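Letter by letter, the chains look like this.
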Amino acid sequence: MTAQADDELWSAIADPSRRRVLDLLINNGAVSASWLGRQVPFTRQAVSKHLVVLEDAGLVSRRKQGREVLYQVEADRLDQATRALADLAAQWDRRLGAIKRLAEAAHAANKKRKEEMS
Amino acid sequence: MPGLVIDRDVLIEAPVEVVWRTVTEPDQMSQWFADRVELVVAPGAHGYMQFGDQGGPVVVETVDPPARFSFRWNHPDGEEPVAGNSMLVEFTLTPLGDERTRLRVVESGHELRDWPDAEKERYADEHGNGWVEFLDRLAGVLAESQPG
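Values in this document were obtained by computation on a predicted structure and should not be read as measured data. The numbers attached to residues start from 1 for each chain and follow its sequence in the written order. By the order in which they are written, chains take letters starting at A while ligands take numbers starting at 1. Reporting in this predicted model follows two pLDDT cut-offs: at least 70 for local features of residues, and 80 or more for side-chain atom pairs to be given and counted; totals over whole chains, interfaces and linings ignore these cut-offs and use all residues.

### A look at the nonpolar core
Burial of nonpolar side chains together is a common tendency in soluble globular proteins.
Right, so step 1: For our purposes the nonpolar core covers buried Ala, Val, Leu, Ile, Met, Phe, Trp, Tyr and Cys residues that link as a set through C-beta atoms within 7 Å. Exposure in this text rests on C-beta crowding, where 20 or more other C-beta atoms within 10 Å of a residue's own make it buried, 12 or fewer make it exposed, and counts in between make it partly exposed. The C-beta atoms are placed from the backbone. Core analysis: the biggest nonpolar cluster contains 26 residues, and Ala 103 of chain A together with Val 19 and Leu 103 of chain B have the highest contact counts within it.
Right, so step 2: Mapped by element, the contributors of at least two residues to this core are α5 (75-117) of chain A together with β1 (4-12), α1 (16-24), β5 (68-73), β6 (87-95) and β7 (101-108) of chain B.
Right, so step 3: By definition, residue pairs are in contact when their C-beta atoms, positioned from the backbone, come within 7 Å. In contact with Val 19 of chain B, other than residues within four places in its own chain, are Ala 103 of chain A together with Ile 12, Ala 14, Leu 93, Thr 101 and Leu 103 of chain B.
Right, so step 4: With 14 residues, the next largest nonpolar core counts Ala 12, Val 21, Leu 22 and Val 73 of chain A among its residues. Strands here mean DSSP runs of E at least two residues long; helices mean DSSP runs of H or I at least four residues long; both are numbered from the N terminus.

### A short note on the packing of helix α2 (residues 16-28) of chain A against helix α4 (residues 44-56) of chain A
Residue and element names in this part refer to chain A.
Right, so step 1: Two numbers describe how α2 lies on α4: the axes approach to 10 Å, and their chain directions differ by 80 degrees. It follows that α2 is roughly perpendicular to α4 by the angle criterion. Facing α2, whose interface residues are Ser 17, Arg 18, Val 21 and Leu 22, α4 presents Ala 46, Val 47, His 50, Leu 51, Val 53 and Leu 54.
Right, so step 2: In this classification, the charged set is Asp, Glu, Lys and Arg, the nonpolar set is Ala, Val, Leu, Ile, Met, Phe, Trp, Tyr, Cys and Pro, and all remaining amino acids, among them Gly, are polar. For the contact of α2 with α4, the class distribution of residues is 7 nonpolar, 2 polar and 1 charged. Note on method: axes are straight lines fitted to C-alpha atoms, helices fitted across the in-contact stretch only, with angles between N-to-C directions ranging 0 to 180 degrees. If an angle is under 35 degrees, it is roughly parallel; if it is over 145, roughly antiparallel; if it lies from 65 to 115, roughly perpendicular; otherwise it is oblique.

### Notes on the sheet that holds strand β2 (residues 60-65) of chain A
Residues and elements named next belong to chain A.
Right, so step 1: One bridge is not enough; two strands pair if DSSP finds at least two bridges between them. A sheet is described by the order of its strands in space; here 3 strands give the open sequence β1-β3-β2, paired in antiparallel fashion. At either margin of the open sheet sits one strand with a lone partner, and together these are β1 (31-32) and β2.
Right, so step 2: Along the sheet face, α4 touches β2 and β3 (68-73) and points at about 115 degrees away from the line of β2.

### Here's the deal with α4 of chain A
Counting along an α-helix, one turn takes 3.6 residues, and residues three or four places apart therefore face a common direction.
Right, so step 1: The length a helix should cover is 1.5 Å for every residue beyond the first. Its 13 residues place the ends of α4 of chain A 19 Å apart at the C-alpha level, agreeing with the 18 Å of an ideal helix rising 1.5 Å per residue.
Right, so step 2: A positive phi of about 80 degrees marks Gly 58 of chain A, the residue just after α4 of chain A.

### Points about the confidence of the model for chain B
Residues and elements named next belong to chain B.
Right, so step 1: Mean pLDDT over chain B works out to 76, with 69% of the residues at or above the 70 mark.
Right, so step 2: The predictor attaches a confidence to each residue, called pLDDT, with possible values from 0 through 100. The secondary-structure element of chain B with the lowest mean pLDDT is helix α4 (residues 136-145), recorded at 42, while α1 shows the highest, at 96.
Right, so step 3: Considering only residues more than four positions removed or in separate chains, one finds that residues 111-117, a stretch of pLDDT under 50, has 13 contacts.
Right, so step 4: Ignoring residues within four places in sequence, the model shows residues 123-148, a span with pLDDT below 50, making 51 contacts including any to other chains.
Right, so step 5: The ipTM value of the predicted complex is 0.73, and its pTM value is 0.65.

### Here's the deal with the pairing of β3 of chain A
Residues and elements named next belong to chain A.
Right, so step 1: Pairing of β1 with β3, which is carried by 2 bridges, proceeds in the antiparallel orientation. If you follow Ser 32 over to β3, its bridge partner there is Leu 70.
Right, so step 2: Where β2 lies against β3, 6 bridges are found, and the strand directions are antiparallel. Considered in β3, the bridge of Arg 63 is made with Leu 70.
Right, so step 3: Between β2 and β3, which pair antiparallel in sequence order, lie 2 residues; one of them, Gly 66, sits at a positive phi of approximately 60 degrees.

### What to know about the environment of Ser 108 of chain B
Right, so step 1: Following the sequence through the fold, Ser 108 of chain B ends up in strand β7.
Right, so step 2: Considering only alpha carbons, one finds Ser 108 of chain B and Leu 88 of chain B, 20 residues apart in sequence, at a separation of 5.3 Å.

Written out as structure tokens, the structure is:
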């Protein structure tokens, strides 16, 4: 992923209202802008603006169904984001694992020293 | 809570004082964290961490032995790290009896939307996947799908 694409994704999700819209889409599948508008405390115009930004970032796509336009989450893009988050979590898990090994080894050494002294 | 990123913990079979030293002493930190750690463990102290051929400044925020230690990093060059331009890493140590400790780490992010575009690009270049900080919804999904 390029820095440019990262940047768009960042901006798209840095806004709490947009995250709320994204959240609703994750949990409810393909829905219309007017349905979304009824679920959130901000205006229909704000919802439309958020959807445009999310679409530009590749997180959301639209399709026509009859007279309605339905919005849905782009699973691949979201997967990409989830994987990156998992990498970050895994990095901390590795660090915590290393702390655990070091602390337990130090504790064992301390205990041994005490036993030898007594 | 916007911006919450990563929340992990581990159970360690050692007293809280031993875990505290492992987490906070620079010569110990260089064994589990960065390749080189220059740090005075005191609130407000400025330090430096080197990872391979990359590195960056860190600023200690909280030192409350043997329970809490936190620092900020990933802030723009030449700026003081504050909420909004940096990542906060917080360690919390909880003793569970005399020889067992729960160690929790929370890394939380900043709101990049207030940054100038050039700064965002620089950050994206340097940190690659750093944008994920804002996916707190995804953090929730991940927490449900991963044990621990």
